[in-house]
Amino acid sequence: MDARNPSTESDRKRRRYHFDRHHPEYRGRFEAITHEMHRACPIAWTDTYDGHWVAAGLHEVFELARCPHVSNDRDYKNERRGYQGITIPNSEPVIPLRNGILEMDDPEHRLFRAVLNPYLSPSAIRRWEPFIDEIVRACLDEKIESGQIDLVDDLANVVPAVLTLAMLGVPLRKWAVYNEPAHAGVYTPPDSPDRERVQNLNMAMGMDLLANLHEIREEPRPGLIDALARMEIDGEKPEEIDLLGILGLLIGGGFDTTTALTAHSLEWLSQHPAERETLSRERDTLLNPATEEFLRYFTPAPGDGRTIAADCEVAGQQFKEGERLWLSWAMANRDATVFPSPDEVVLDRKGNRHLSFGLGIHRCIGSNVARTVFKRMLVAVLDRMPDFHCDPDGAVHYETIGLIQGMRQLPATFSPGPRLGPGLNETIDDLQRMVQEQRLAAP
């Protein structure tokens, strides 16, 4: 921490903090770093990654996220202002594109979002609940007789992946093609020897998405891909590269974040068996507030980058056009001025206005999906594996939490029980027929 005002630095940047959320230390010292920033510099300048602002306090994040002079734009064609979107440092994908609507400003953002909204509304997601319950049932049936399960590999990775493909209109059997790159693309460091393999997997996933887009244009079938394939802006079809970016965002948001929330919540419940019993027994009144509390406490997507689009003053801080900004949803969610006992999980927390789905016009479009899938998985585990115990030595967390606070493995043991139906592959085939016959993916 350095709150001095060196003669070589402008008064505007006098509050400084060495902030590197991509370093493993940030995960290990998250609470300490958060409270240091809340106390001394809820908005601070850091020199890491070519220099950028960091907003840690909830009030400051709230004001900046809703400010009209803060931009999400990624100028991936280098045609306008050269803004770099939501990633800090700038991360160039294998194929130059935007991270979907998250890297669009209005009015362009609003046009695409309006096309997607009918497929992701609360009423639309309620239609998917029997589908979700059946895939959850099949995942648990695969392991229920053995008394052993990896709650990430065998459950939390599978359910969001199969559902997301169903909503897109992609054949469900392809979930494994999408599953590894969706997760490994986040947790594999840039300097890893495995990076090239992961990039190839991501390329294969992108090509399959593109193939599905072309196929659905020729022979339409309900789903989010069909909605995007049919849309027009001023009588013109959007560029395919923009559609590919949106589909990639839907996969990233649909897969890894829900997996992360579910895994961390189940791990916490294993560590707190009394609270687990209370939640199970009083689920009618506790399930909803507990879901919001797990979202607040674990914040699967810790934050987003922005670019200052005009000189302005927000929350008492002066900003200059072109400067980069990191909005930390995760640190805002631990602000003690808003959340009493912020570093504790309080299952019945009242007035829990967390920022885990973001804020403003770019608030997460898939929040209804995430909440529903999480609750259905959680309740099924509580019912069928009520005494599950996670192995702390086998749990593998993401090394860094700069992008997603995720988990790669979470092995657990429990008292074996009976199967209730067919296995995963047969169930996926049955669900494919359900999607087609009931037109579940229609708006």
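Summarised in this report is the structure supplied together with it.

Rules of the game
- Residues numbered from 1 in each chain as written.
- Predicted model: local features only at pLDDT ≥ 70, side-chain atom pairs only at ≥ 80, totals over all residues.
- Heavy atoms only, no water.
- 1 Å grid on protein atoms, 1.4 Å probe; cavity = no way out; pocket = protein on both sides within 12 Å on 5 of 7 lines; lining within 4 Å.
- Points joined across faces, edges and corners; volume = space filled by probe spheres on them.
- Nonpolar A, V, L, I, M, F, W, Y, C, P; charged D, E, K, R; others polar.
- Disulfide = S-S within 2.5 Å.
- Buried < 20%, exposed > 50% of the residue type's maximum accessible area, 1.4 Å probe, protein only.
- Helix = DSSP H or I, 4+ residues; strand = E, 2+ residues; numbered from the N terminus.
- Polar contact = N/O pair within 3.5 Å; in protein donor to acceptor, adjacent residues only side chain to side chain.
- Contact = heavy atoms within 4.5 Å.
- Pairing = 2+ DSSP bridges.

### Examining empty space enclosed by the protein
One water molecule sets the probe size; rolling that probe over the atoms shows where empty space is left.
Thought 1: In total, this model carries 1 cavity of 30 Å³ or more according to the counting rule given.
Thought 2: Its volume calculated, the largest cavity comes out at about 50 Å³.
Thought 3: Taken together, Tyr119, Ala124, Arg127, Trp128, Met167, Leu440, Ala441 and Ala442 form the lining of the largest cavity.
Thought 4: Among the residues making up the lining of the largest cavity, the classes are represented as 7 nonpolar, no polar and 1 charged.

### A look at the state of the cysteines
Covalent bonding between the sulfur atoms of two cysteines defines a disulfide.
Thought 1: This model, assessed by the stated rule, comprises 0 disulfides.
Thought 2: Take cysteine 41: it sits in no disulfide, and the sulfur closest to it among the cysteines is that of cysteine 312, at 19 Å.
Thought 3: Cysteine 41 gets classed as buried once you look at its relative accessible area, which sits at 1%.
Thought 4: Lacking any disulfide linkage, cysteine 390 is separated from the closest cysteine sulfur, that of cysteine 139, by 16 Å.

### Some details on unusual backbone geometry
Thought 1: The linkage connecting isoleucine 88 with the following residue, proline 89, adopts the cis geometry, with an omega of 0 degrees.
Thought 2: Mapped onto the fold, proline 89 is located in the loop between strand S3 (70-71) and helix H4 (108-116).
Thought 3: Backbone torsion omega between aspartate 106 and proline 107 reads 10 degrees, so that peptide bond is classified as cis.
Thought 4: Note on placement: proline 107 falls in the loop between S3 and H4.
Thought 5: Within the chain, threonine 299 stands out as a residue other than glycine whose phi angle is a positive 35 degrees.
Thought 6: Inspection of the secondary structure assignment puts threonine 299 in the loop between helix H14 (283-298) and strand S5 (303-308).
Thought 7: Of the residues examined, threonine 299 reaches a relative accessible area of 2% and is grouped as buried.
Thought 8: With a phi angle near 50 degrees, serine 341 is a residue other than glycine that sits in the positive phi range.

### Here's the deal with the layout of surface pockets
Thought 1: Considered as a void within the structure, the second largest pocket measures approximately 340 Å³ in volume.
Thought 2: Along the wall of the second largest pocket there are 15 residues; nearest its centre are Arg27, Phe30, Glu31, Arg334 and Gln405.
Thought 3: At the level of elements, helix H1 (24-28), helix H2 (30-40) and H14 are the ones that each hand at least two residues to the lining of the second largest pocket.
Thought 4: Of the residues forming the lining of the second largest pocket, the biggest block, 3 residues, is contributed by H14.

### Focus on the side chain of arginine 21
Thought 1: Among the secondary structure elements, arginine 21 is positioned in the segment before H1.
Thought 2: Side-chain polar atoms of arginine 21 contact the side chain of histidine 22, separated by 3.3 Å.
Thought 3: Side-chain polar atoms of arginine 21 contact the backbone oxygen of glycine 402, separated by 2.9 Å.
Thought 4: Excluding anything up to four places from it in sequence, arginine 21 contacts Tyr26, Ile88, Trp326, Ile401, Gly402 and Leu403.

### As for the sheet that holds S3
Thought 1: Here we have 5 strands laid out as an open sheet, ordered S1-S2-S8-S5-S3, and mixed in their pairing. Every interior strand has two partners, whereas the edge strands, strand S1 (43-46) and S3, have only one.
Thought 2: Sheet analysis places S1 next to strand S2 (residues 52-55), joined by 4 bridges and oriented antiparallel. Each residue of the ladder has a partner; that of threonine 46, found in S2, is histidine 52.

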